[in-house]
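# Report on the structure
Each chain is listed here by its residues.
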Amino acid sequence: MRFIRPLLAALVLVSTFISSAFAAEAPAGKRAPWTTSKLHGTPTTPEPYRVAPAFANLRFQRPTCVEEFPGGDRLLVTEIGGKVFTFPKRADVAAADLLIDLRAELRQGWLAVLDAAFHPRFADNRQLYIAYVHPDGGRARVSRFTVERSDPPRVTRASEQVLLDWPAAGHSGGCLEFGPDGLLYISTGDGSGPNPPDGLTTGQDVTDLLGSILRIDVDHPAGGQPYSIPADNPFGELAGARPEVWAYGLRNPWKFGIDRRSGEVFAADNGWESWEMVHRIVRGGNCGWPVMEGRVALRSEVKLGPTPILPPVKDHPHTEANSVIGGPVYRGSRVPGLDGAFVYGDYITGTIWAVRPDKDQSYSHITLCDTDLRIVAFAEGSRGELYVLDHDFTGQIYELLPNDEPDLSSSFPRRLSETGLFASVPRHEPAPGVAPYRVTVPRWVDGARARRWVAVPGSATIELAATPEVSSTFPEGTVLVKELYLPLSAALEYPLEVQLLHYYRGVWRPYTYQWNDTGTDATLVDSIGASRQFAPVTGLSYTVALPERTWHFNAVNECKLCHNAGPKFVLGFTAQQLNRPAPSEASPDTRQLQRLVAQGVLSSAPVLAADDPSRLVDPHDATQPLDDRARSYLHGNCAMCHHPGGNAIVSFFLRRDLPFDKLNTNKGTGIGTFGLHDARLIVAGDPYRSVLLYRMSKLGYARMPYIGSRVVDSDGVALVAEWIRSLPPVVPQASAPVASAAPAGGAASFDLAAELAENLRVAELVRAEGKDSDAAIRGLVRTTGSALALSTQLHAGAVKLRNREVAVTAGAAAPSDIRGLFETFIPEAQRKQTLGTTVDPQVILNLRGDRERGKLIFFSDGARCRNCHDPDNRNLSLGPTLADIRQKYPKPADLLLHVLQPSLKIDEPFAAFTLVTTDGRALVGLLVEQTDAAVTLKTLERQLVRVPRSEIEELQRSDKSLMPDRILSDLTAQEAADLFEYLRSASGK
């Protein structure tokens, strides 16, 4: 865009008023009540339903089902690891009672509890049925247990009677439901992993129990079995067929529901690569798998079963759903609008839907609500409660309720001037009662600076927590305001955006307002975000130093990646960030926390000890200790994801309160080493083998932070490099061979001390300006370590102008892993046009790839694919081999979708597990073996690590793929096409 003179005039005014406004910030006296808020509701129409915690004080470890105890006074919850709990059905219940631990008497093997169901006459016979995968042979089984008449109830293993079992090497099914006919319905999966589709070719075969809904009579054993076959089962007379089968042609129906009035059965079935299905299950029904995936033909060579294929009543493309989970056919009174509807959700997206049969044999479909939950099960209570069970996000039980939120979208402020936050928007003058504040560690936002205000409705106050582990209490309607602007000169600035965090109905909701060209108002940005081009101003009598680049306004979901549950959503308004001298106060002893209390913003000031391990300092205050400065910088910029329990797949931590030896940084990383020799996340004493410094120094693929920043922070790079160099070196540990760990020449080993000395020599070399240094500088960009050393000196401002030009020119022409270190010094328009963060798959698919060029990319020194994928040898691969990939994804579009969205669907053998030991260490890798004695992981460095059970604090399956997101971002479209041509070629050799 081109700036106009009215804009510049407005900017001059902005700077004048802002400086005066901050010079005369609100005094320490009581603030006026804030009564002008117009922020009510949301910009969009509320969803018809919502979820709310039903038992806020209870959490479970990866639960798999919730059922109401007959009688309605207790609930039962199963955990995948083997424990089954019950608890009183009271909202304030604080603890659950152990019913049985199925692992307690087992010595080895992996056990997984799938589901549970009570017999319809439980009050008389006390029968409980549990489906679980037994370690002995790895088969799923359905067992009957007897619940003792104790308080709380108990079950002993001695009461177990196994009814039937089936292969469970992957898709197990395992849902149990009694119908109104008193018969037990059981779902089974196709007994194999995700690939190839229906590996046992069993979906159309009714001679086994796989891929089916079974129906048995558990009350009348016959023929030496603990159950009998109902007379009207469809295949009792078919030679060779298993008479238990009621319907078939299913892939992995994890959960289904039965209408207690009509007896109709609906199942949510997990699809393969493209579709998720909802089927109406009928007697003898053929749901099509694997001949069909939903309504699309898949394996035409498979012989059809004995009955015709019936299409699903609803199917979802993988752009909408990825792992559907069935619920009940709701017949309660608490949510009357859902009477007769089959309720189901999606484990990956958290969306909840309902489908209901109409009178004309068609089906109506509605989206009920979107959630952040990892939905794994539903249950209907006797009083009409509709429970939703979260598996691994919170491990809690929620209730689906009508959303009583009024639709205020039409009146939601679309302009900043309409929010009631400012008395004068052009002059940035806050409304009465809106208080300014500052933080100790501002987050790097591409050179922009920030002003902050807090607005608390009326005279209410915030109860600020003293520690990061505890959530602060904010009054309803609280707004945190951050305005971003670019400083152009001492007297001129350019306003960019105003970010709001609005606490509405118990949820923090992020919004962004973009300033107009005249700086007089700002307009609400769409939820999908926006971008804006900046260009330098010409034809003026003075220079406006606005960089030529694109400014990105974050989408709502991008905001939520940082403002997540781990750091309690609020990042800046914390005791540690606010514990600083009060702005504009003459006395340095006046603390901002006390000032906010005096103003009536805070109810009280948390007491923070001088030696508080979470204490933050200004990272760029040279009077503070270097370690405090660097650790504070990393906390403010990285810890919102990199904390224990955070959402980062690489489980190392950067939170300030953790001691250095608990950060888990002295290890490799699965995202690659980028050509750094013997790299670790942080190599104490050597910044140029430290992946952390590399990733924060570059643009493109693997940049950190990967969200919210598109410009490298030179001061931050220089600070972290100095800090790493100051750390006492540790004795190098032998690491597993990694494909990219050897120098480009192919040597198997190298002299670490010599390389460190060479990298440090860069600092001296680039300070000497002259033609003699040109060749040496160009040589530095041939390896990643020396290129990182060179770019670090550029960030530190230690490079003479001539050498700087030579270094940037040479770096810009280097391969992508090195080029990314220098692109931040190049104007945006002159950079190599790479795919970036938003990739149109068709652009790549439309290009003709060159196999040989793609092979060079795959085997390049900084390659990211070959770190995990050997061409043919599974023992050398962390993920599948190229041969496996070609078999799984014969279609280029499917392969590309998997690479672009690796967490969309994760094959179980390649699911990432995080193991936290009792002494705070964290390991990430693939689960190789799990026994009562120990757990064995294949780590990111392809090492087998066995950890005794006694040393394990936590073991969790991650919902994130080990394959990083945006892995193609710094390749050109042609390079990506070349790489894909090699990946799908006939031989990996």
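This structure is a prediction, so every number in the text was calculated from the model and none was measured.

Definitions and limits used
Residues numbered from 1 in each chain as written. Predicted model: local features only at pLDDT ≥ 70, side-chain atom pairs only at ≥ 80, totals over all residues. Heavy atoms only, no water. Helix = DSSP H or I, 4+ residues; strand = E, 2+ residues; numbered from the N terminus. Buried < 20%, exposed > 50% of the residue type's maximum accessible area, 1.4 Å probe, protein only. Axes fitted to C-alpha atoms, helices over the stretch in contact; angles between N-to-C directions. Parallel < 35°, antiparallel > 145°, perpendicular 65-115°, else oblique. Left-handed = near helix turned anticlockwise from the far one by under 90°. Contact = heavy atoms within 4.5 Å. Nonpolar A, V, L, I, M, F, W, Y, C, P; charged D, E, K, R; others polar. Expected span 1.5 Å × (residues − 1). Pairing = 2+ DSSP bridges. Phe/Tyr/Trp six-rings, centres within 6.5 Å; stacked < 30°, edge-to-face > 60°. Lys NZ or Arg CZ within 6 Å of the ring centre and 35° of its normal. pLDDT = per-residue confidence, 0-100. Disulfide = S-S within 2.5 Å.

### A closer look at the environment of Pro243
Tracing the backbone shows Pro243 in the loop between β12 (212-216) and β13 (245-248). Residue Pro243 is classed as partly exposed on the basis of its relative accessible area of 23%.

### Details of the packing of helix α6 (residues 626-638) against helix α8 (residues 714-726)
Put simply, α6 and α8 touch, their axes get as near as 9 Å, and they point 130° apart. In terms of orientation, α6 and α8 fall into the oblique class. For the element pair α6 and α8, the recorded crossing hand is left-handed. Within the contact between the two elements, α6 uses Leu626, Asp627, Arg629, Ala630, Arg631, Tyr633 and Leu634 and α8 uses Gly716, Leu719, Val720, Glu722, Trp723 and Ser726. Looking at side-chain class alone, the contact of α6 with α8 contains seven nonpolar, two polar and four charged residues.

### Section: helix α12 (residues 801-812)
End to end, α12 covers 16 Å across twelve residues, agreeing with the expected 16 Å (1.5 Å per residue, within 8%). Taken together, the buried positions of α12 are occupied by Asn803, Val806, Ala807, Val808, Ala810 and Gly811.

### Some remarks on the sheet that holds strand β16 (residues 275-281)
Pairing in this open sheet of four strands is antiparallel, and the strands run β14-β15-β16-β19 from one edge to the other. At either end of the open sheet lies a strand with only one pairing partner, and these are β14 (255-258) and β19 (314-317). Direction aside, the axes of adjacent strands within the sheet are offset by 15° on average. Relative to β19, β16 runs antiparallel, the two being bridged by four bridges. Paired with Trp275 across the bridge in β19 is Pro317.

### Thoughts on the packing of aromatic side chains
With the rule as written, the count across this model stands at 22 aromatic pairs. Ring centres of Phe118 and Phe122 lie 5.0 Å apart, and the angle between their planes is 75°; on these two criteria the pair is classed as edge-to-face. As far as burial versus exposure is concerned, Phe118 and Phe122 are alike and both buried. The side chain of Arg215 reaches across the aromatic face of Trp246, ending 4.1 Å from its centre. A cation over a ring is seen here: Arg374 above Tyr347, with NZ or CZ 4.2 Å from the ring centre.

### Points about the confidence of the model for the chain
This prediction gives the chain a mean pLDDT of 84; 85% of its residues lie at or above 70. Between residues 1-26, whose pLDDT stays under 50, and residues either more than four places distant or in other chains, the model counts 55 contacts. Considering only residues more than four positions removed or in separate chains, one finds that residues 538-543, a stretch of pLDDT under 50, has five contacts.

### Section: the packing of helix α15 (residues 851-858) against helix α18 (residues 973-983)
Where α15 contacts α18, the axes come no closer than 7 Å and their chain directions differ by 95°. Considering their axes alone, α15 and α18 lie roughly perpendicular with respect to each other. Counting all contacts with α15, which are made through Arg851, Arg853, Gly854, Lys855, Ile857 and Phe858, the residues of α18 involved are Gln974, Glu975, Asp978, Leu979, Glu981, Tyr982 and Leu983. Considered class by class, the residues forming the contact of α15 with α18 number five nonpolar, two polar and six charged.

### Overview of the sheet that holds strand β5 (residues 97-101)
Strand order in this open sheet of four strands is β2-β3-β4-β5, and the pairing throughout is antiparallel. The open sheet has two free edges, formed respectively by β2 (63-68) and β5, since each of these has just one partner strand. Pairs of neighbouring strands in the sheet enclose a mean axial angle of 20°, with direction left out of account. Judged from the five bridges that link them, β2 and strand β3 (residues 74-79) form a sheet pairing that is antiparallel. Bridge assignment links Glu67 to a residue of β3, and that residue is Leu76.

### What to know about the pairing of strand β11 (residues 184-188)
With five of five residues buried, β11 is to be regarded as a mostly interior element. Along β11, one buried face is formed by Leu184, Ile186 and Thr188 and the opposite face, lined by Tyr185 and Ser187, is buried too. Pairing analysis gives four bridges linking strand β10 (residues 173-178) to β11, with the strands arranged antiparallel. By the bridge assignment, Gly173 is partnered in β11 with Thr188.

### Some thoughts on the state of the cysteines
Each disulfide consists of a covalent bond between the sulfur atoms of two cysteine residues. One pass over the full model with this rule turns up zero disulfides. Here Cys175 is not cross-linked by a disulfide; its sulfur's nearest cysteine counterpart is in Cys65, at 8.7 Å. The thiol of Cys638 is not disulfide-bonded; the next cysteine sulfur, from Cys641, is found 9.0 Å away.

### Overview of unusual backbone geometry
Cis geometry marks the peptide bond from Asp151 to Pro152; its omega dihedral reads 0°. Examined against the element boundaries, Pro152 turns out to sit in the loop between β8 (139-146) and β9 (161-167). Met704 connects to Pro705 through a cis peptide bond whose omega is -5°. With respect to the helices, strands and loops of the structure, Pro705 is situated in the loop between α7 (691-697) and α8. At Arg62, a position not held by glycine, the phi torsion is positive, near 50°. One can find Arg62 in the loop between β1 (49-53) and β2. One non-glycine residue, His428, adopts positive backbone phi at about 55°. By secondary structure assignment, the location of His428 is in the loop between β27 (422-424) and β28 (429-430).

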